[in-house]
Amino acid sequence: MLNINQIDQWRKNRLPFFLEEETASTNADCRVYAEEYDGDFVFLAEKQTAGRGRRGRDFYSPDHGFYFSMCVNAVTGKEILYTLVCAVAAAEALEGCGQHTEIKWVNDLYQNGKKASGILCEAIRSPEDFSLKKVIIGIGINVSEDPFPEELQNKAVRLEGVDRNKLGALLSDSILKWLHAPEEELLKEYKRRSFLIGREVVYELNGKEKCGTVRDINDKGNLIVQTPEGTDILSSGEISLKEWK
Ligand code: BTN
């Protein structure tokens, strides 16, 4: 079970940390609580009934899982870095719990070719000038023992034997550490943990399916892909390895 005393034994930070047996979405909980509390804080749930994924998808969130959201005050001009911070921090925290994962650009974590974790960052903006006020960093990690629905069975992996209290603690510390780390170090660590560099990938650009080799990730977190026609610089989108097709 999630337990705040155990979490406190592992973590260095002392942010408000709320545990929930069941909720609709920890990202949604952060958005509500941010209206009354101005500092950084965390929600961690056992189960979500309306877990949100990227691109408006649902995120499968069965019981005894790991559904974590941290709300942080925004550091101006660093919007792009949140994505990199989340992926690096989640991979590092999982490593501390005995699990090796790799980053699939932009911010999915994979183990043996299957997705182990998904990340959804959401912005809270000023109603007056639309400037970025806070960022909600939502991370779901597949640790529940419930079987995956059929459509996820070949795509997702369950990480076994993870101490969820330790993971919550290490993840919150790691996010704070990487949010304040020099950008060059963050980028270096992101690349070190990424598995797309040097691989052949398939993606869609301007409505056209394309194929190329990933050459690098630049300092804006963009993927640099070499194709027979030239170089594509991707800032977002879905990428597959050619060998998966
Ligand atoms: C994705 O892979 O599409 C992103 C999934 C993000 C899921 C996490 S679970 C905790 C937080 N609460 C949500 O509703 N979503 C994020």
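Residues numbered from 1 in each chain as written. Predicted model: local features only at pLDDT ≥ 70, side-chain atom pairs only at ≥ 80, totals over all residues.

### Observations regarding the site of the ligand
This is how it is decided: A residue counts as near a molecule or strand when its C-beta atom, positioned from the backbone, falls within 6 Å of it. Each helix corresponds to a stretch of at least 4 residues labelled H or I by DSSP, and each strand to a stretch of at least 2 residues labelled E; elements are numbered beginning at the N terminus. Throughout this entry, Asp, Glu, Lys and Arg are counted as charged residues, while Ala, Val, Leu, Ile, Met, Phe, Trp, Tyr, Cys and Pro are counted as nonpolar. The remaining residues, Gly among them, count as polar.
In the vicinity of the ligand there are 19 residues, among which S25, G53, G118, G138 and G140 approach most closely. The set of elements that each furnish at least two residues to the shell around the ligand consists of α2 (26–33), β3 (66–73), β6 (114–125) and β7 (132–141). In terms of residue class, the shell around the ligand is made up of six nonpolar, 10 polar and three charged.

### Description of the sheet that holds β7
Condition: Only strands that DSSP links by at least two bridges are regarded as paired with each other. Here, axes are lines fitted to C-alpha atoms. For helices the fit covers the stretch in contact, and angles between N-to-C directions go from 0 to 180 degrees. Any pair of residues counts as being in contact when their C-beta atoms, constructed from backbone geometry, are within 7 Å of one another.
Reading across the sheet, the seven strands line up as β1-β2-β3-β7-β6-β5-β4 and stay open at both edges, with mixed pairing between neighbours. Edge positions in the sheet fall to β1 (17–20) and β4 (102–104), since each has one partner strand and no second. Across the sheet, the axes of successive neighbouring strands diverge by a mean angle of 20°, strand direction being ignored. Bridging between β4 and strand β5 (residues 108–111) involves three bridges; their strand directions are antiparallel. Bridge assignment links I103 to a residue of β5, and that residue is L109. Against the sheet, α2 touches β2 (41–45), β3, β6 and β7, its axis set at about 30° to β3.

### Side note on the sheet that holds strand β10 (residues 223–227)
On the basis of which strands lie adjacent, the open sheet formed by five strands has the order β11-β10-β9-β8-β12 and antiparallel pairing. Every interior strand has two partners, whereas the edge strands, β11 (230–234) and β12 (239–241), have only one. Across this sheet, the average inter-strand angle for adjacent strands is 40°, counted without regard to direction. Inspection of the sheet shows strand β9 (residues 208–217) paired to β10 by four bridges, in the antiparallel sense. Bridge pairing in β10 places I217 opposite L223.

### Topic: helix α4 (residues 164–179)
In plain terms, the rule: Between the first and last residue of a helix there are one fewer steps than residues, each counted as 1.5 Å, and that sum is the expected span. To assign burial, the other C-beta atoms lying within 10 Å of each residue's own C-beta are counted, with C-beta atoms placed from the backbone; 20 or more indicates buried, 12 or fewer indicates exposed, and intermediate counts indicate partly exposed.
If you check α4, its first and last C-alpha atoms are 22 Å apart, about what 16 residues at 1.5 Å a residue would give, namely 22 Å. Among the 16 residues in α4, 12 count as buried, and that is most of the element. Regarding α4, the residues found buried are R164, N165, L167, G168, A169, L170, L171, S172, S174, I175, W178 and L179. Along its buried surface, α4 packs onto α1 (4–10), β2, β3, α3 (79–96), β7 and α5 (183–192).

### Description of the domain arrangement of the protein
Operational definition: An automatic or database domain assignment supplies the residue ranges for each domain.
When the domains of the protein are assigned, the result is domain 1 (4–192) and domain 2 (200–244). Taken together, the elements giving at least two residues each to the side of domain 1 that touches domain 2 come down to α3 and α5. When its residues are assigned to classes, the side of domain 1 that touches domain 2 shows six nonpolar, one polar and one charged.

### Details of the pairing of β2
Heads up, the condition is: By definition, the crossover connecting two strands over a helix is right-handed if that path, from the first strand to the second, turns clockwise as seen with the strands pointing away from the viewer.
Burial runs high along β2: four of the five residues are buried. For β1 and β2, the ladder comprises four bridges, and the chain directions are parallel. Each residue of the ladder has a partner; that of E20, found in β2, is A45. As a crossover connection, the stretch from β1 through α2 into β2 is right-handed. Summarising the sheet, β2 and β3 pair through five bridges and their orientation is antiparallel. Bridging from a neighbouring strand, F43 pairs with S69 of β3.

### A look at the packing of α3 against α4
Filter applied, for reference: Just so you know how the angles are binned, under 35 degrees is roughly parallel, over 145 roughly antiparallel, 65 to 115 roughly perpendicular, and the rest oblique. Helix crossings are classified by the rotation of the near helix relative to the far one: an anticlockwise turn of less than a right angle makes the crossing left-handed, while a clockwise turn makes it right-handed.
It is the contact of α3 with α4, at a shortest axis distance of 8 Å, that shows an interaxial angle of 140°. It follows from the interaxial angle that α3 and α4 lie oblique. Crossing of α3 over α4 shows right-handed handedness. Contacts between α3 and α4 involve V85, V88, A89, A90, E92, A93 and G96 from the former and L167, L170, L171, S174, I175, W178 and L179 from the latter. The class makeup of the residues in the contact of α3 with α4 is 11 nonpolar, two polar and one charged.

### Some remarks on the pairing of β9
Along any regular strand, the residues point their side chains to alternate faces of the sheet. Bridging between strand β8 (residues 200–205) and β9 involves six bridges; their strand directions are antiparallel. Its bridge partner lying in β9, E200 is registered against T213. Count of turn residues in the β8/β9 antiparallel hairpin: two residues, of which N206 carries a positive phi of about 50°. Taking the residues between adjacent antiparallel strands as the criterion, β9 and β10 are bridged by five residues, where G221 takes a positive phi near 80°.

### Regarding the packing of α3 against α5
At a minimum axis separation of 10 Å, α3 and α5 run at an interaxial angle of 55°. Of the possible angle classes, the one that applies to α3 and α5 is oblique. The chirality of how α3 crosses α5 is left-handed. On α5, the residues touching L81, L84, V85, A87 and V88 of α3 are E183, L186, L187, E189 and Y190.

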